[in-house]
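# Breakdown of the fold
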Amino acid sequence: MTSTLEWRRRDLVNVRGVPMICPFAHNLEQITDHFQARDGDIVIATYPKSGTTWMSEVVDLVLNDGDIEKSRRDAIFKKVPMLEFQVPGEIPPGSEILESVPSPRVIKTHLPVSLFPKSLWYQNVKIIYVARNPKDVAVSFYHFDKMNQLHPDPGTWEEYVERFMEGNVGFGPWGAHVRDWWDLRQQKDILYVFYEDMLEDPSREIRKVVKFLGKDFSEEVVDKICQHTSFKAMKENSLTNYTALSSTIMDQSISPFMRKGICGDWKNHFTVAQSERFDEFYQKEMSGTDLTFRF
Ligand code: PPS
């Protein structure tokens, strides 16, 4: 029996108050306290299912001046390792893999501010945070939990939507995640991007990333990046659609990683009553902040 199967469908594990995907909880405090940042690191931080993979491919292309051939050098999860990802005994933690990656490293993480490695705050590190409206996040996360064998079984949608509002899902509550990262914009070099804005006008949002990373591209290069990172292109690309990852981890016959890529799929899942309750939850989560989302 492989250890991937041993880690299958385990319950969430509490790490410093945050419910974590069980295999990722292993040694996570070590990562928070001891991961060594480097000058020039670029971090893509998100709550799960908010556009991480999309932004990762955009950043990789920006760093390679829009060179599509270079972007084909490896799968997205190898080019942009996830800091906390690991299958103990089988796949080493992203934090270890990142030690041998040459700078500038691009690092993916879903960690909330409270578990974000301390050293990354103190170096010359650029952070791009991508946020998405919580109704679509919940729907996407539900389908992802169904297909990702390292995650707990999500149960029924009715059960799941309640657990999401309680914050009892992997990486903890959505509200604190997006708010805490939003508040950090005052102190740290953070580009805060919204998934819905990327859908509305990808060129505009990609130009923000280009500028943030200190580059200056022609319209033609931005267009090329736009086309290569469209939902259709990324869904068809085996290097970005996660089909290169073992099906013992992601069983895409249950639900594809590149599922719908739209805003508003929540309308196909929430009942009127669930939507009303969720609106109340959202109002509470957003009280006292100027952060707002489009649904
Ligand atoms: S993960 O597993 O947390 O890193 O997932 P993440 O990449 O953050 O989010 C996955 C959702 O993003 C959608 N996606 C895209 N939408 C539009 N355009 C592009 N290029 C794109 N790439 C990924 C993906 O389909 C997931 O959303 P849903 O709603 O499930 O389709």
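So, here is what we can say about the structure in this document.

### As for the overall build of the protein chain
Helix and strand content of the protein chain: 16 helices and six strands. The buried share of the protein chain, taken over its 295 residues, is 57%. Intrachain contacts of the protein chain at a sequence separation of at least 6 include 74% that bridge at least 24 residues. With an accessible surface of roughly 12900 Å², the protein chain has 49% of that area assigned to carbon and sulfur atoms. Of note, the protein chain has its 36 positive side-chain charges centred 2 Å away from the centre of its 43 negative side-chain charges.

### Considerations on the pattern of salt bridges
The tally for this structure, following the rule as stated, stands at 23 salt bridges. Close ionic contact of Arg259 with Asp265 constitutes a salt bridge, the shortest N to O distance being 3.0 Å. Like Arg259, the residue Asp265 is buried in the burial classification.

### Structural notes on the site of the ligand
The environment of the ligand is made up of 22 residues, and the closest members are Thr52, Thr53, Ser140, Tyr195 and Lys260. Here a nitrogen atom of the ligand and a backbone polar atom of Thr229 are 2.9 Å apart. Interatomic distance of 2.8 Å between a backbone N/O atom of Gly261 and an oxygen atom of the ligand. Burial of the ligand by the surrounding chains reaches 98%, relative to a free accessible area of 650 Å². Counting only elements with at least two residues in the shell around the ligand, the list comes to helix H4 (52-63), helix H9 (134-147) and helix H15 (231-236). For the shell around the ligand, the element with the highest residue contribution is H4, accounting for three residues.

### Describing the layout of surface pockets
Here the largest pocket is characterised by a volume of approximately 890 Å³. In terms of lining residues, the largest pocket is bounded by 46 residues, among which Thr53, Lys108, Tyr242, Met250 and Phe257 are the most central. For the lining of the largest pocket, the elements supplying multiple residues, two or more each, are H4, helix H6 (76-79), helix H7 (94-97), H9, helix H12 (195-200) and H15. Looking at the lining of the largest pocket, the element that brings in the most residues is H9, giving five residues. Per-class residue counts for the lining of the largest pocket are 25 nonpolar, 15 polar and six charged.

### Comments concerning the environment of Lys146
Relative to the helices and strands, Lys146 is located in helix H9. Look at Lys146 and you get partly exposed, because its relative accessible area is 29%. A sequence separation of 108 residues divides Lys146 from Ile254, and the C-alpha atoms of the two residues are 7.1 Å apart. When sequence neighbours within four positions are dropped, the list of residues in contact with Lys146 reads Arg9, Pro154 and Ile254.

### Points about helix H14 (residues 219-228)
In an α-helix, one turn spans 3.6 residues, which is why side chains three or four residues apart end up on the same side. Listed in full, the buried residues belonging to H14 are Val221, Val222, Ile225, Cys226 and His228. Structurally, H14 contributes buried residues whose contacts are with H4, helix H5 (68-71), helix H13 (202-212) and H15.

### Digging into the sheet that holds strand S3 (residues 42-46)
On the basis of which strands lie adjacent, the open sheet formed by four strands has the order S4-S3-S5-S6 and parallel pairing. Strands with a single pairing partner mark the edges of an open sheet, and in this sheet they are strand S4 (106-109) and strand S6 (190-194). Across the sheet, the mean angle from the axis of one strand to that of its neighbour is 20°, orientation sign disregarded. Packed onto the sheet, H13 meets strand S5 (126-131) and S6 and runs at close to 170° relative to S6.

### Some details on the state of the cysteines
Under the counting rule described, the total for this entry stands at zero disulfides. For Cys226, which is in no disulfide, the shortest distance to another cysteine sulfur is to Cys263 and amounts to 18 Å.

### Overview of the packing of aromatic side chains
Counted by the stated rule, this structure contains 29 aromatic pairs. Both rings, one in Phe24 and one in Phe171, keep their centres 6.5 Å apart while their planes meet at 50°; by these two values the pair is tilted. Linking Phe24 in helix H2 (residues 22-25) with Phe171 in the loop between helix H10 (157-166) and helix H11 (174-183), this pair joins segments that are 147 residues apart in sequence. For Phe24, a relative accessible area of 3% puts it in the buried group. An angle of 80° between the planes, with centres 5.5 Å apart, marks the rings of Trp54 and Tyr195 as edge-to-face. On the criterion of sequence distance, the pair formed by Trp54 in helix H4 and Tyr195 in helix H12 is long-range, its members being 141 residues apart. Residue Trp54 is classed as buried on the basis of its relative accessible area, which comes to 15%. Exposure remark for Tyr195: the relative accessible area of 6% places this residue in the buried category. Aromatic rings pair up to connect Phe116, Trp121, Tyr129, Trp174, Trp181, Trp182, Tyr192, Phe194, Tyr282, Phe293 and Phe295 into one cluster. Over the ring of Tyr195 we find Arg132, and its NZ or CZ is 3.9 Å from the ring centre.

Calculation notes
- Residues numbered from 1 in each chain as written.
- Predicted model: local features only at pLDDT ≥ 70, side-chain atom pairs only at ≥ 80, totals over all residues.
- Heavy atoms only, no water.
- Helix = DSSP H or I, 4+ residues; strand = E, 2+ residues; numbered from the N terminus.
- Buried < 20%, exposed > 50% of the residue type's maximum accessible area, 1.4 Å probe, protein only.
- Contact = heavy atoms within 4.5 Å.
- Areas by Shrake-Rupley, 256 points an atom, 1.4 Å probe, with all protein chains shown as cover.
- Lys, Arg positive; Asp, Glu negative; His and termini not counted.
- Charge placed at Lys NZ, Arg CZ, Asp CG, Glu CD.
- Salt bridge = Lys/Arg side-chain N within 4 Å of Asp/Glu carboxyl O.
- Near = heavy atom within 4 Å.
- Polar contact = N/O pair within 3.5 Å; in protein donor to acceptor, adjacent residues only side chain to side chain.
- 1 Å grid on protein atoms, 1.4 Å probe; cavity = no way out; pocket = protein on both sides within 12 Å on 5 of 7 lines; lining within 4 Å.
- Points joined across faces, edges and corners; volume = space filled by probe spheres on them.
- Nonpolar A, V, L, I, M, F, W, Y, C, P; charged D, E, K, R; others polar.
- Pairing = 2+ DSSP bridges.
- Axes fitted to C-alpha atoms, helices over the stretch in contact; angles between N-to-C directions.
- Disulfide = S-S within 2.5 Å.
- Phe/Tyr/Trp six-rings, centres within 6.5 Å; stacked < 30°, edge-to-face > 60°.
- Lys NZ or Arg CZ within 6 Å of the ring centre and 35° of its normal.

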